[in-house]
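Fold and geometry: a report
Now for the letters of each chain:
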Amino acid sequence: QTANPVIAMVASPMADCNYPAPDLQPPANFNATGCITDVYLRWLEAEGIRIVPMSAAWPDQQKKELLDQVNGVMFLGGGLTGSDLEGFVADVSFIFDYAVQNPGFFLWGTCQGFQVITLLLMDSDFSAMTCDYVGMYPSMLPLDFTPYQTNSVMLGLEAEKLGLVFDLETKNSTLNWHHCGITPDNFKPTAANARLISTNVDTVGKPFISAFEIVDGGKNIFAVQFHPERPQLIYVDNAIGHDPSTYAVSTYLAQFVKTRLQLNNHSFASQETVNSLTLDNFPHQNLGWGSGFYWINV
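Let us look at the structure shown here. It should be emphasised that the depicted structure is a prediction, and the values quoted were computed from it without experimental measurement.

**Section: the sheet that holds strand 15 (residues 284–288)**
Strands in a sheet are paired, the pairing made by backbone hydrogen bonds, and the direction either parallel or antiparallel. Strand order in this open sheet of four strands is 2-3-16-15, and the pairing throughout is antiparallel. In this open sheet, the two edge strands, each paired with only one partner strand, are strand 2 (12–13) and strand 15. Where strand 3 (residues 34–37) and strand 16 (residues 291–296) come together, four bridges link them in antiparallel fashion. Opposite Ile-36, over in strand 16, you have Tyr-294 as the bridge partner. Packing against the sheet, helix 1 (residues 38–45) makes contact with strand 3, strand 15 and strand 16, and its axis sits at approximately 100° to strand 16.

**Observations concerning the state of the cysteines**
Across all of its chains, the model carries two disulfides by this definition. With its sulfur 2.2 Å from that of its partner, Cys-17 forms a disulfide with Cys-35. As the torsion about the S-S bond is roughly -110°, the Cys-17-Cys-35 disulfide counts as left-handed. Taken together, the residues span a long stretch of sequence, with Cys-17 in the loop between strand 2 and strand 3 and Cys-35 in strand 3 at a distance of 18 residues. A single burial state applies to Cys-17 and to Cys-35, both of which are buried. Between the sulfur of Cys-131 and that of Cys-180 lies a disulfide, 2.0 Å long from S to S. Measuring handedness by torsion sign, the sulfur bridge of Cys-131 and Cys-180 sits at about 105° and is right-handed. Taken together, the positions of Cys-131 in the loop between strand 7 (129–130) and strand 8 (139–141) and Cys-180 in the loop between strand 10 (174–176) and strand 11 (181–182) put the pair 49 residues apart, joining distant regions of the chain. Residue Cys-180 is classed as buried on the basis of its relative accessible area, which comes to 10%. Counting its disulfide-bonded cysteines in sequence order, the protein chain shows a connectivity of 1-2, 3-4. Free cysteine Cys-111: the closest other cysteine sulfur is in Cys-180, separated by 8.8 Å.

Conventions we followed
Residues numbered from 1 in each chain as written. Predicted model: local features only at pLDDT ≥ 70, side-chain atom pairs only at ≥ 80, totals over all residues. Heavy atoms only, no water. Pairing = 2+ DSSP bridges. Helix = DSSP H or I, 4+ residues; strand = E, 2+ residues; numbered from the N terminus. Contact = heavy atoms within 4.5 Å. Axes fitted to C-alpha atoms, helices over the stretch in contact; angles between N-to-C directions. Disulfide = S-S within 2.5 Å. Buried < 20%, exposed > 50% of the residue type's maximum accessible area, 1.4 Å probe, protein only.

Don't take any of this as a statement about function, it's just geometry.
Encoded structure:
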C-alpha cells in the first residue's frame, strides 16, 4: 500500500450538501448520509493516492477499524454553522486524537477542515473563530510567512528549492473561499504544539492564520485555510487563478500529501478490499465547470 497510499475523506454531513446547488437531490432509492466534493479526489488521484469515504457519525470503534488500515485522513472544506458545526467537531475529535497519539499517521485539513483542526487544538473553543471576513469569495492571495517558515516541513526547504516560497509570498497563488477564520491573537493551541507557518488579511485588513503544522514527536498533521485542490480543476469563477505558479503550488502540495501518507505502514488486507471501498463506487453528480460531488451512504 506504500506506493499508492489510501486516505480517508470525512464526508460532509447532509446539512452541508446543498452548496453550491441547493435544488439537487441524491439519486432515487439512494439513502445518502453525506457528500464529498469531487475536486479533492481528482487532485489526489493524479498523484496515485486512493480515496475511501468515512462518516464523522460512525461509532469510535468503527472509526478506529478504518483508521488502522488507511494511511491518513482529510477534513474537507464546507459551510457548516452553529450546532451543525459543533456536532461535527465533536464527532471528528476521535480522529484528531488518533492522529496526535499515533506518530506517522497523517491528518490534513482544508478551509473548514483547517478550522476544525484549529478548534480541536484549542479544546473546541468556538469563541476563537469569527465569521466576518470580507471579500474572500473567492480571493487569490500570497502568503505572509512567519519566521518559522524556513524550518517548516510543508513549506520550508523543499518548497524553497522549487521556487515555490518566492511564488507563495510574492504572487496571488493561494485560493481563499471563506468568511470564517481565526486571528493570530486567538490562535492558542493547547492539545499539541502547532507551528504557525503563515497568515493573511482580508480585503479590510483583518488578519487570519492560513497554514500550520504539528510535527513534533513524529506527528504528521497539516492544515491550510486556502484551497490548493481547486485552481487546476474548477472554473466556476473568473477570480480563480489558473497561472503556472498557482498550478505548481497545487501540484506540489498534492505530492507532499502523498509523501506524508507514505510515512506509516497501515494496510488493508487486500487490494480487492480497498477497491470495494473507494469513492469511485458511489454515485457522482456533475455540476458543470469542473464542479461535482459524490453522494455517500456509509
